[in-house]
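# Structural description and commentary
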Amino acid sequence: MNIDLSPRHLQLRETLFRRWKTNGVRIGDKIESQNEIVQFCDFSLITVIKTLKDLEAEGVIRRQVGKGSFLVRAPWSEAHHRVGFFYNRDIVGGGIFNNEFYTKLVVAFEKQVVSDGHEFILGSFTHKSMPIHLWDALDVVVLTGITKETRLDKLADTSSQVAIMDLVIEGLPYHAYRLDFEPAFKQMFAQHDGETHKYLYLNSSIASSEQAMRLEAFQRACAACGTPQQLKVITVDQETGEGAAELEAVLESYRPDFVCGYIHRSWIPAISARAVAYPYLLDSNRPSFEVNSSEWMKQVLSDIYSNLEDRRPGAMVFSFPATFHP
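## Observations regarding the sheet that holds strand β3 (residues 82-88)
Pairing within the open sheet is parallel, and its 6 strands lie in the order β4-β3-β5-β6-β7-β13. Of all strands in the sheet, those with a lone pairing partner are β4 (119-125) and β13 (316-321), marking the two edges. Averaged over all adjacent pairs, the angle separating strand axes in this sheet is 20 degrees, with direction ignored. Relative to strand β6 (residues 161-165), strand β5 (residues 140-144) is paired through 4 bridges, and the arrangement is parallel.

Below you can see the structure in the form of structure tokens.
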């Protein structure tokens, strides 16, 4: 099943496209000479010459005597694209459609990709294994659910454009699309300012830069209140929903007015019986820190499409603000 039965010159064509995508070759850049191509791949000089002539005839490259060959078109960045969304199954153990936040995120992402005329692929990976060969067949892979336990060394091997969702990973040359909840936190505390309230913040046990930044932002917003507020922080596993008994014990002993942060949907009845719950949600009319998924996906995909020619655009962070829904 792994044997490529296509003609040798077409195999070389795909090999060159993959190499140029991986190396971030852009229009106007000089490409390898025919002798250099023979050295790094298992193709005869005759096949190399034919392939380069075909690419020149199609207007993909321009060959100049005495100067070399240059890329004129990047076929992998044109027309129809295959865009993949992959989540970490070790984090979302019950599957992505068992998680309300991720379900709405995937639906919004797929809707925008398809309406733009492209192909959508949904898949998963684990901390130890990523389907690199599958990703090579795609133009873009958007990853979510990466933690400190996730092996990232193989990411550099794929020729696909890599984008990171809802997380900033320092030191990697990828674009990251994060959610900024600090404006929403400030809106909530401003609305409740004027008297002292008890806040219980549920911090995620899944460690990440975003998890840490959200807690710090919540603490800053609380400290900025004109009226001193009471804040208690506990750690929960919002993905599995385990630990309901421990949470109820804290609710009973602390008696908060508001419970905020990483809230599993199964905890809502117990929390709502004692306090107002403000979870992280997409497209919700319920009390929450809410994100408009359609607007967020437009921002994300606009940037992704602009990088289709350059698969190594470097590190950049795009922040999308959440709003407070009382």
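On we go from here.
## A few points about the layout of surface pockets
Empty space among the atoms becomes apparent when a probe as large as a water molecule is rolled across them. If you add up the space inside the largest pocket, you get close to 810 Å³. Those elements giving two or more residues to the lining of the largest pocket turn out to be α4 (100-115), α7 (209-223) and β11 (276-282). Class assignment for the residues of the lining of the largest pocket results in 15 nonpolar, 16 polar and 9 charged. In this model, the second largest pocket occupies a volume close to 420 Å³. E14, K21, R82, D136 and A137 are the residues nearest the centre of the second largest pocket, which is lined by 18 residues in total. Elements represented by at least two residues in the lining of the second largest pocket include exactly α1 (8-22) and α5 (132-136). For the lining of the second largest pocket, the leading source of residues is α1, giving 6 residues. Within the lining of the second largest pocket, the residues separate by chemical class into 5 nonpolar, 6 polar and 7 charged.

## Here we look at the packing of helix α6 (residues 182-192) against α7
The relative placement of two packed helices is expressed as an angle between their axes plus a distance between the axes. Running from amino to carboxyl end, α6 crosses α7 at an angle of 30 degrees, the nearest separation of the two axes being 9 Å. Here α7 runs roughly parallel to α6, going by the angle between their axes. Crossing angle aside, the handedness with which α6 passes α7 is right-handed. Between α6, through E182, F185, K186, M188 and F189, and α7, the contact on the second element is made entirely by R214, A217, F218, R220, A221 and C222. Broken down by class, the residue content of the contact of α6 with α7 amounts to 7 nonpolar, no polar and 4 charged.

## Things to note about the pairing of strand β10 (residues 258-261)
As judged from the 4 bridges shared by strand β8 (residues 198-204) and β10, these two strands associate in the parallel manner. Bridge pairing links Y201 to C260 in β10. Both β10 and β11 contribute to a ladder of 4 bridges, which runs parallel. When the bridges of β11 are listed, V259 appears paired with A277.

## With respect to a nonpolar patch on the surface
Together, F97, V107 and L122 give the surface a local cluster of nonpolar side chains, amounting to about 280 Å² of exposed area. Within the fold, L122 resides in strand β4.

## Re the packing of aromatic side chains
Any two aromatic rings considered together are summarised by their centre-to-centre distance and by the angle between their planes. Across all of its chains, the model carries 22 aromatic pairs by this definition. An angle of 25 degrees between the planes, with centres 5.2 Å apart, marks the rings of Y199 and F258 as stacked. Here Y199 is found in strand β8, whereas its partner F258 is found in strand β10, with 59 residues between them in sequence. Each of the two residues, Y199 as well as F258, counts as buried. Between K198 and the ring centre of Y254, over which it is positioned, the NZ or CZ distance is 5.2 Å. In this structure, R214 is placed above the aromatic ring of Y280, and the distance from its NZ or CZ to the ring centre is 5.4 Å.

## Some remarks on the pattern of salt bridges
Counted according to the given criterion, the structure contains 14 salt bridges. Across the salt bridge formed by K104 and E100, the nearest N and O atoms sit 3.7 Å from each other. One end of the pair is K104 and the other is E100, both in helix α4 and 4 residues apart, which spans about a single turn. The class for K104 is partly exposed, based on a relative accessible area of 26%. For E248, the salt bridge identified is with R274, shortest N-O distance 3.8 Å. With E248 in helix α8 (residues 244-254) and R274 in the loop between α9 (268-272) and β11, this pair connects stretches of sequence that are 26 residues apart. E248 sits in the partly exposed class, given a relative accessible area of 35%.

Cut-offs used in this document
Think of each chain on its own: its residues are numbered from 1, step by step along the sequence as written. Only residues with pLDDT of at least 70 are given local features in this predicted model, and only at 80 or more are side-chain atom pairs given and counted; all residues enter the totals for whole chains, interfaces and linings. Based on all heavy atoms of the structure, the side-chain values leave hydrogens and waters out of the count. In this analysis, strands are considered paired if DSSP registers two or more bridges between them. Elements are defined by DSSP. Helices are runs of H or I of four residues or more, strands are runs of E of two residues or more, and each kind is numbered from the N terminus. Inter-axis angles, ranging from 0 to 180 degrees, are taken between N-to-C directions of lines fitted to C-alpha atoms, where helices are fitted over the stretch in contact. Within this scheme a cavity is a closed region of a 1 Å grid, computed over the protein atoms alone, that accommodates a 1.4 Å probe without allowing it to escape, whereas a pocket is open but has protein on both sides within 12 Å along at least five of seven lines; lining residues each have an atom within 4 Å of a point. Grid points are joined across faces, edges and corners, and a volume is the space filled by probe spheres set on the points. Residue polarity follows a fixed list, in which Ala, Val, Leu, Ile, Met, Phe, Trp, Tyr, Cys and Pro are nonpolar, Asp, Glu, Lys and Arg are charged, and the others, Gly among them, are polar. Our angle categories are set so that under 35 degrees counts as roughly parallel, over 145 as roughly antiparallel, 65 to 115 as roughly perpendicular, and the remainder as oblique. The hand of a helix crossing depends on one turn: near helix anticlockwise from the far one by less than a right angle means left-handed, and clockwise means right-handed. Working rule for contacts: check all heavy atoms of both residues, and any pair within 4.5 Å makes them a contact. Patch membership needs two things, relative accessible area over 30% and no salt bridge, and members are linked within 9 Å if like-charged or within 5 Å if nonpolar (Val, Leu, Ile, Met, Phe, Trp, Tyr). Exposure was quantified through the Shrake-Rupley algorithm and a 1.4 Å probe, taking into account, for residues, occlusion by the shown protein chains and nothing else. Every case where a carboxyl oxygen of Asp or Glu lies within 4 Å of a side-chain nitrogen of Lys or Arg is listed as a salt bridge. What counts as a ring pair is set by centres within 6.5 Å for rings of Phe, Tyr and Trp (its six-membered ring), and what kind of pair is set by the plane angle: stacked under 30 degrees, edge-to-face over 60, tilted for all other angles. Type-normalised accessible area, obtained with a 1.4 Å probe on protein chains alone, sets the label of each residue: buried when under 20%, exposed when over 50%, and partly exposed for intermediate values. Charges are assigned to positions over rings by a cutoff of 6 Å between ring centre and Lys NZ or Arg CZ, combined with an angular limit of 35 degrees from the ring normal.

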